[in-house]
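The lines below spell out each chain.
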Amino acid sequence: MYVHIENLSFSYPKTPVLHQLTFTMQKGEILAIIGSSGSGKSTLLRTLSGLEMPACGRIHIAGETVCDTSRCTPADKREVGFVFQDYALFPHRTVAQNIAFGLHKTPRKARQARVDALLEMIAMTGFARRYPHQLSGGQQQRVALARALAPMPKMLLLDEPFSNIDTDLKHTIRLELASLLKKANMTSILVTHDEEDARMLADRVIVLEGGRIVHEERVVRTPRH
Amino acid sequence: MKRRINHDGPLFSLFALIAGLAIIVPLLFILRHLFEPSTDAWRHIRQIWLLAYIRNTSVMIFWTAFGTALIGTYAAVLTTRYTFFGVRVLSWMLVLPLAVPAYIAGYVYADMLSYTGTVTRFLRLVSLPQLLQPMTMAGAVFIFVFTLYPYVYLFVRAALKRQSAAYAESALTLGVGPFRAFFLVVLPLLRPALIGGVFLVVLETLNDYGLVAYFNIRVFSFAIFNAWFSFGEVVTAIRLSAVLLIMVFVILVLERVLRGHRRYTVHVKGRVIAARPLRGLARVVHPFCLWLILGFGFLFPTMQLMHYAVLTWRNTLNMTLFYNFMNTLTIALGSTALIVVIALMLANFGRFRPKGWKRAWLKATTLGYAIPGAVIAIAVNLFFITVDRQLYPLYRWLNPASPVLVLSMSLGMLVFAYILRFMAIGYNSIEAGYDKLGETFTEAAYTLNHRKLSTLLKIDVPLLKSSLFAAAVIVFIDVVKELPLTLILRPANYDTLASRIYEYASDEMIQDTGVASLILIMMSALLIYALSGPKKRGRSAHVRPY
């Protein structure tokens, strides 16, 4: 298995959030986690990315144990991409500088090439010098995605990626995101409270309630013509 | 074309117009006198001293800005991002140096480090030499840095508290370590706050007269006073003021340019970064440094003043001091009340996102804060003398024995100058309150058939209570501490605590400043406590919300 989560628990002082979660993922799989607010979806992502430390449990990603009872790899060394709910694009950096941010160890030429390739992938070649506030919600989302994908993470986590997008645009952007993730063959976990988002994007859906998995199903899509 | 409903009643428009005129016209007096024929004194100053004034002033503001930026940011980061023993107390106490006017700190440090001073005597006792020379440019910068850093501290602290954790966290998930993330993401996002704080520090430094005069540092405010008082050279004083105003203008432009076109306030929801405990040696070193900063800015000068007070209270705690205290209290309360009321009316006039001339007019009414006290004093003085001359026939009609100068010999001139100088503080604080409040409550009142004034009194004022309180406190503290305006514009035989302290210091009676200085500092310190002390955290964000 590419990703293996085993008995993962997390609690804030006096408030347990995740209870003994166990699930696996295959390479390139897109998993959607749905649940009401407070169900622990976002905390799960933060724990997987290394932004929070689990109380117990084990996390394996791409054949490596990144967290268990004895040690936890910090977020900056874990190689797990994260697309934040509000994208958290750095407002003082241009689109290109945002995308290049995680490529600080890459040589200059290769970095530029990677940024160009990603800009092309998200169809925003002409936007390299723009600042985040000069972009629409959908464009910001694509840049956030490109930024997270730039350092070629082992997996990608997306926290409510459609919460800032107008309903009329949502459908197109969902399809776009699904195609980008598939194109990059990126193992991804997407957190949402919208079942339609989950079914449209993911290969599998997990329903979280009170920090426990209460339902799991594979999404069957009818082929489009 | 989109049209906005005009919410401004005629009363408020007229009021804004008059307030604006009252503030702008005196400043124009400087321009009028600028083109009078130059004098020998001016030619002498231009050839020999002008470059030195520019150089000294620039050196002084550069190092003060640098020092306050460093210390203010350091203190703000430590008290918001880390937990350690005493952090809660320190986080508000670090604002206290604002209660210590630079000139008082200057007198105290100069005395402490003099041959008979506390520090030198102690060093002699342990057979160590005293190598520090306080009455130098470096000494003045040191005092400015440790008494003015709270401006930067407050701005950066408020910005850090607002900054979403998502920025630093996304840097981490992109493989950038916490240290680099701080310098690449957290710090650049603080730039507007940092510049805002440093800008105020620079304006305060330019405004100072008491410290530079005592240390004999030839900067602009010192030169303007000298030209005006020692040589009676109005034209020279005005020309020096004009050069100083050009410097202020350059700084204003620099501030705009430094802020740049980039937007730093993209709204990102989510938590702010939780404070982490300091570990290892840092647990001792950083709190020690913070206490030392507080020591230099507040504790050491205050302790020394207490010692002076113990030595001299029998001579200085008398009825004269009581009158000085009452003068300070009444003029500060009166000016504060006037400023808050005018600022409220102006902010109310400008609250529905003003554009064009209206915006420019409102900006102009808050110009005073950028203009050093010495310049305002000259402008107001010239303005009042002209008004007196115009009104002389009226005075004579009322009282045939009336002198020519009536208004310019009254307390009204000083109060007017305070209003001109500190309007920006009141206005900005209340405007920030209005921004937070939004427009809905007021619009709801309008739809319920309330007029503008009734809405202001019944809805806005109660909801703006904390902003009004913050505005009043900050203005009050500034008026109490103000020296250059008070020195030039007070009527004969009228002394406030600040002017009394200045006179003691001018007569080299530093120890006699003890009781008066302590009263002045404690008044301000108590108000700072009321504003940003531990139980009123919600209000602390209002402190100078520019």
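Every value quoted in this text rests on a predicted model; they were computed, and no experiment measured them. (Residues numbered from 1 in each chain as written. Chains lettered and ligands numbered in written order. Predicted model: local features only at pLDDT ≥ 70, side-chain atom pairs only at ≥ 80, totals over all residues. Heavy atoms only, no water.)

Caption draft 1: Inspection of the overall build of chain A at higher detail. Helix and strand content of chain A: 7 helices and 10 strands. Expected size for 225 residues packed as a compact globule is a radius of gyration near 17 Å; at 17 Å, chain A falls within 12% of this value. Principal-axis analysis of the C-alpha atoms gives chain A an extent of 45 × 45 × 30 Å. Across the 225 residues of chain A, 56% fall into the buried class. Contacts spanning at least 24 positions in sequence make up 67% of the contacts within chain A whose residues lie at least 6 apart. (Helix = DSSP H or I, 4+ residues; strand = E, 2+ residues; numbered from the N terminus. Rg over C-alpha atoms; globule rule 2.2 N^0.38 Å. Buried < 20%, exposed > 50% of the residue type's maximum accessible area, 1.4 Å probe, protein only. Contact = heavy atoms within 4.5 Å.)

Caption draft 2: Quick peek at the interface of chain A and chain B. The interface of chain A with chain B comprises 26 residues on the first partner and 25 residues on the second. Together, the buried faces of chain A and chain B total about 2,300 Å²; carbon and sulfur atoms form 65% of this surface. Three residues stand out in chain A for area buried against chain B, namely A:Asp76, A:Pro91 and A:His92, and they jointly supply 26% of the buried area on that side. Along the contact surface separating chain A from chain B lie 1 salt bridge. For A:Arg46, the salt bridge identified is with B:Glu169, shortest N-O distance 2.5 Å. Scanning the region where chain A abuts chain B turns up 5 residue pairs in polar contact (both at pLDDT 80 or more). Of all the secondary-structure elements, those providing two or more residues to the side of chain A that touches chain B are α1 (41–49), α2 (75–78), β6 (80–83) and α5 (137–149) of chain A. (Buried area = accessible area lost by both parts, 1.4 Å probe. Salt bridge = Lys/Arg side-chain N within 4 Å of Asp/Glu carboxyl O. Polar contact = N/O pair within 3.5 Å; in protein donor to acceptor, adjacent residues only side chain to side chain.)

Caption draft 3: Structural detail: empty space enclosed by the protein. Residue and element names in this part refer to chain B. Going through the model one piece at a time under the given rule, you end up with 3 cavities of 30 Å³ or more. Within this model, the largest cavity holds a volume of roughly 230 Å³. Lining the largest cavity are 17 residues, with Ala102, Tyr103, Glu204, Asn207 and Lys481 positioned closest to its centre. Sorting the residues of the lining of the largest cavity by element identifies α4 (102–112), α6 (137–162), α9 (191–207), α17 (411–437) and α20 (465–481) as the ones contributing at least two each. Partitioning the lining of the largest cavity into residue classes produces 9 nonpolar, 2 polar and 6 charged. (1 Å grid on protein atoms, 1.4 Å probe; cavity = no way out; pocket = protein on both sides within 12 Å on 5 of 7 lines; lining within 4 Å. Points joined across faces, edges and corners; volume = space filled by probe spheres on them. Nonpolar A, V, L, I, M, F, W, Y, C, P; charged D, E, K, R; others polar.)

Caption draft 4: Spatial organisation of the nonpolar core. Residues and elements named next belong to chain B. Residues Leu94, Leu240, Val380, Ile430 and Leu489 are the most contacted members of the largest nonpolar core, which totals 175 residues. Split by domain, this core shows at least three residues from each of two domains, domain 1 (1–37 + 317–546) and domain 2 (44–293). Apart from residues no more than four positions distant in its own chain, Leu489 is found in contact with Ala377, Val380, Asn381, Met413, Leu414 and Ala417. (Core = buried A, V, L, I, M, F, W, Y, C linked by side-chain atoms within 4.5 Å. Domains from an automatic or database assignment.)

Caption draft 5: Molecular detail of the pairing of strand β2 (residues 15–25) of chain A. Residue and element names in this part refer to chain A. Taken together, the 7 bridges between strand β1 (residues 3–12) and β2 define a ladder with antiparallel strand orientation. From the neighbouring strand, Phe10 faces β2, where its bridge partner is Leu18. If you look at the hairpin formed by β1 and β2, you'll find 2 residues sitting between the two strands, and Lys14 has a positive phi there, around 70°. (Pairing = 2+ DSSP bridges.)

Caption draft 6: Spotlight on the domain arrangement of chain B. Residues and elements named next belong to chain B. Taken domain by domain, chain B holds domain 1 (1–37 + 317–546) and domain 2 (44–293). One C-alpha centre belongs to domain 1, the other to domain 2, and the line joining them spans 25 Å. In this assembly, 44 residues from domain 1 lie in contact with 39 residues from domain 2. Of the roughly 4,000 Å² buried between domain 1 and domain 2, counting both surfaces, carbon and sulfur atoms make up 72%. The interface formed by domain 1 and domain 2 contains 0 salt bridges.

Caption draft 7: Seen up close, the environment of B:Ala347. All names here are of chain B. Position of Ala347 relative to the elements: it lies in helix α14 (residues 319–349). Overall, the relative accessible area of 3% leaves Ala347 in the buried class. When the C-alpha positions of Ala347 and Glu431 are compared, they lie 5.5 Å apart, and in sequence the two are 84 residues distant. Residues within four places of Ala347 in sequence aside, it is in contact with Tyr427, Ile430, Glu431 and Tyr434.

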